[in-house]
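Here are the chains, one letter per residue:
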Amino acid sequence: MRRALSLLLVAALGLTACSDDPAGKDEYTVGVANFLLSGPYFSGMDAAIAAQAKTKGNVKIVSTDAGGDAAKLAANVEDLLSKNVDAIIISGGPLESAPAALNAIKAAGKPVVLVDRKFATGEYTSWIGPDNEAIGKQDGEFLAGRVKGKVAIIKGGPADNSIGLARTNGLKSVLGTKADITLVEAPDFGNWGSDGGLTVMEGLLAKHPDLVAVFCENDAMCLGAQRAIAAAGKAGQIVLAGVDGQAEALKAILDGTNYVVTGLNSPKVIGSLALDRTVEVLGGAKVEKDTVVPSPQITKDNASQYL
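In this text the structure is predicted, and so the values were computed from the model without any measurement.

Trainee: Could you give an account of the pattern of salt bridges, naming the residues involved and the relevant values?
Mentor: Under the criterion given, the structure shown has 11 salt bridges. Measuring nitrogen to oxygen at the nearest pair gives 2.8 Å for the salt bridge that ties Lys251 to Asp255. When salt bridges that share partners are traced, they join Lys155, Lys172 and Glu185 into one network.

Spelled out as structure tokens, the structure:
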């Protein structure tokens, strides 16, 4: 799977090497509209796009941060268009749709590439991201072969967040069929952060001291949950499963802690591929509408390869 991921990235780089500047333009300017940069995943995506642009030699990046405000995202897109960018990449984070932003880009006749988040509505040129349900399913399969008993689920929120729902539904499709496993969903959201994961985990431990495992919709929340579990003296009882392949989670897995599995959802890979895809589009290439990036399972056996 790692080889497949590497080949995908190499293939993308090879394609763009032939189409960086077919139209003879000296330089492309690509706007990056970030819904929020407050988390390591999203800031990592923005950094990967910028880093890949530097390898082209003729691509300038203009990056913005809406701070989690949909109206601000739309305003940032309008500002980027006023600067006459050649294309826009949108990192929508937990945003479900951005009609004002997509409509403005369409009206301007510019291509738009979505990363990680595929909006529920609106037109876009291309999307690059993970199969979130598959990641949740493979976490579930790993836990099913390892534990019996009560497994908690910590969600990022809000309730209609399609990325989180896909991950949890993938997990449930496996563990929900096991007679020896009982699923418990935390009543509160962890808001995709370590502190949120810690707080939610403390509440779960108070109500369910007999937990044997915890699944979190991202690694950041699981890292917080791990702190709460350790503080409660239950690190030997409860294992954790996350999503994203965040460096701190990989280290915890590699070190043999109770963090046992995650699924790679690399902002570095997705961001790099998105910049390549954008340059292909600007060069006039016909591109794939939707590209699913492989999300290999990471355990102690292979964590060093990804760390």
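Back to the text.
Trainee: Provide a residue-level description of helix H4 (residues 99-108), including the pertinent values.
Mentor: Within the sequence span of H4, burial applies to Ala101, Leu102, Ala104 and Ile105. One face of H4 carries all of its buried residues, which in axial projection span an arc of 160 degrees. The exposed residues of H4 that point more than 90 degrees off its buried face are Lys106 and Ala107. For H4, the secondary structure elements touched by its buried residues are helix H3 (70-82), strand E3 (87-91) and strand E4 (112-115). Just past H4, the residue Gly109 takes up positive phi, approximately 70 degrees.

Trainee: Tell me about the nonpolar core, and please be specific about residues and values.
Mentor: Grouped together as the largest cluster of nonpolar side chains are 44 residues, with contacts concentrated most on Val77, Ile88, Ile90 and Leu114. Breaking this core down by element, the ones donating at least two residues are strand E1 (28-34), helix H2 (40-54), H3, E3, H4, E4, strand E5 (126-129) and helix H10 (267-282). When residues of this core are assigned to their parent elements, the largest contribution, 7 residues, is made by H10. Residues contacting Val77, with those up to four places away along its chain left out, are Ala33, Ile88, Ala101, Ala104 and Ile105. In terms of nonpolar packing, the next biggest core, distinct from the first, is built from 29 residues, Leu205, Ala228, Leu250 and Tyr306 among them.

Trainee: A description of the confidence of the model for the protein chain should follow, citing residues and the corresponding values.
Mentor: Considering every residue of the protein chain, the mean pLDDT works out to 92; 92% of them sit at 70 or more. Across residues 1-23 the pLDDT falls below 50, and counting only partners more than four positions away or on other chains, this stretch makes 35 contacts in the model.

Trainee: Run through the packing of aromatic side chains, naming residues and quoting values.
Mentor: In total, this model carries 1 aromatic pair according to the counting rule given. Its guanidinium or amino end placed over the ring of Trp127, Lys118 lies 4.5 Å from that ring's centre, counting from NZ or CZ. The ring of Tyr124 carries the charged tip of Lys289 above its face, separated from the ring centre by 4.1 Å.

Trainee: Account for the pairing of strand E8 (residues 211-216), naming residues and giving values.
Mentor: Summarising burial for E8: 6 of the 6 residues are buried, a large majority. Pairing of E8 with strand E9 (residues 239-241), which is carried by 3 bridges, proceeds in the parallel orientation. Within E9, the residue paired with Phe215 across the bridge is Ala241. For the segment spanning E8, helix H8 (residues 219-231) and E9, crossover handedness is right-handed.

Trainee: A description of helix H5 (residues 132-144) should follow, citing residues and the corresponding values.
Mentor: For H5, spanning 13 residues, the distance from its first C-alpha to its last is 18 Å, which sits close to the expected 18 Å at 1.5 Å a residue. Burial in H5 covers these residues: Asn132, Ile135, Gly136, Gln138, Asp139, Gly140 and Leu143. Buried-residue contacts for H5 involve strand E6 (149-154), helix H6 (162-175), E8, E9, strand E10 (259-263) and strand E12 (297-298). Two or three places before Glu133, at the start of H5, stands the capping residue Asp131, its side-chain oxygen 3.3 Å from that residue's backbone nitrogen.

Trainee: Run through the packing of H5 against H6, naming residues and quoting values.
Mentor: Relative to each other, H5 and H6 sit at 35 degrees, their axes nearing to 7 Å. Here the hand of the crossing between H5 and H6 comes out right-handed. The segment H5 lies against H6, with Asn132, Glu133, Gly136, Lys137, Asp139, Gly140, Glu141, Leu143 and Ala144 engaging Ile163, Ala166, Arg167, Gly170, Leu171, Ser173, Val174 and Leu175. When its residues are assigned to classes, the contact of H5 with H6 shows 7 nonpolar, 5 polar and 5 charged.

Trainee: Before we move on, can you summarise the sheet that holds E6 with the specific residues and values?
Mentor: Working definition: the strands of a sheet are paired by backbone hydrogen bonds and lie parallel or antiparallel to each other. Strand order in this open sheet of 6 strands is E7-E6-E8-E9-E10-E12, and the pairing throughout is mixed. Single-partner strands in this sheet number two, and they are strand E7 (181-185) and E12. Two strands pair when backbone bridges link them, and E6 and E7 are joined in this way by 5 bridges, in the parallel orientation. Each bridged residue has a counterpart across the sheet, and for Val151 the counterpart in E7 is Leu183. Against the sheet, helix H7 (residues 194-207) engages E6, E7 and E8, with an angle of about 150 degrees to E6.

Criteria and thresholds
Residues numbered from 1 in each chain as written. Predicted model: local features only at pLDDT ≥ 70, side-chain atom pairs only at ≥ 80, totals over all residues. Heavy atoms only, no water. Salt bridge = Lys/Arg side-chain N within 4 Å of Asp/Glu carboxyl O. Buried < 20%, exposed > 50% of the residue type's maximum accessible area, 1.4 Å probe, protein only. Helix = DSSP H or I, 4+ residues; strand = E, 2+ residues; numbered from the N terminus. Arc of directions from axis to C-beta. Contact = heavy atoms within 4.5 Å. Core = buried A, V, L, I, M, F, W, Y, C linked by side-chain atoms within 4.5 Å. pLDDT = per-residue confidence, 0-100. Phe/Tyr/Trp six-rings, centres within 6.5 Å; stacked < 30°, edge-to-face > 60°. Lys NZ or Arg CZ within 6 Å of the ring centre and 35° of its normal. Pairing = 2+ DSSP bridges. Right-handed = clockwise from strand over helix to strand, strands pointing away. Expected span 1.5 Å × (residues − 1). Polar contact = N/O pair within 3.5 Å; in protein donor to acceptor, adjacent residues only side chain to side chain. Axes fitted to C-alpha atoms, helices over the stretch in contact; angles between N-to-C directions. Left-handed = near helix turned anticlockwise from the far one by under 90°. Nonpolar A, V, L, I, M, F, W, Y, C, P; charged D, E, K, R; others polar.

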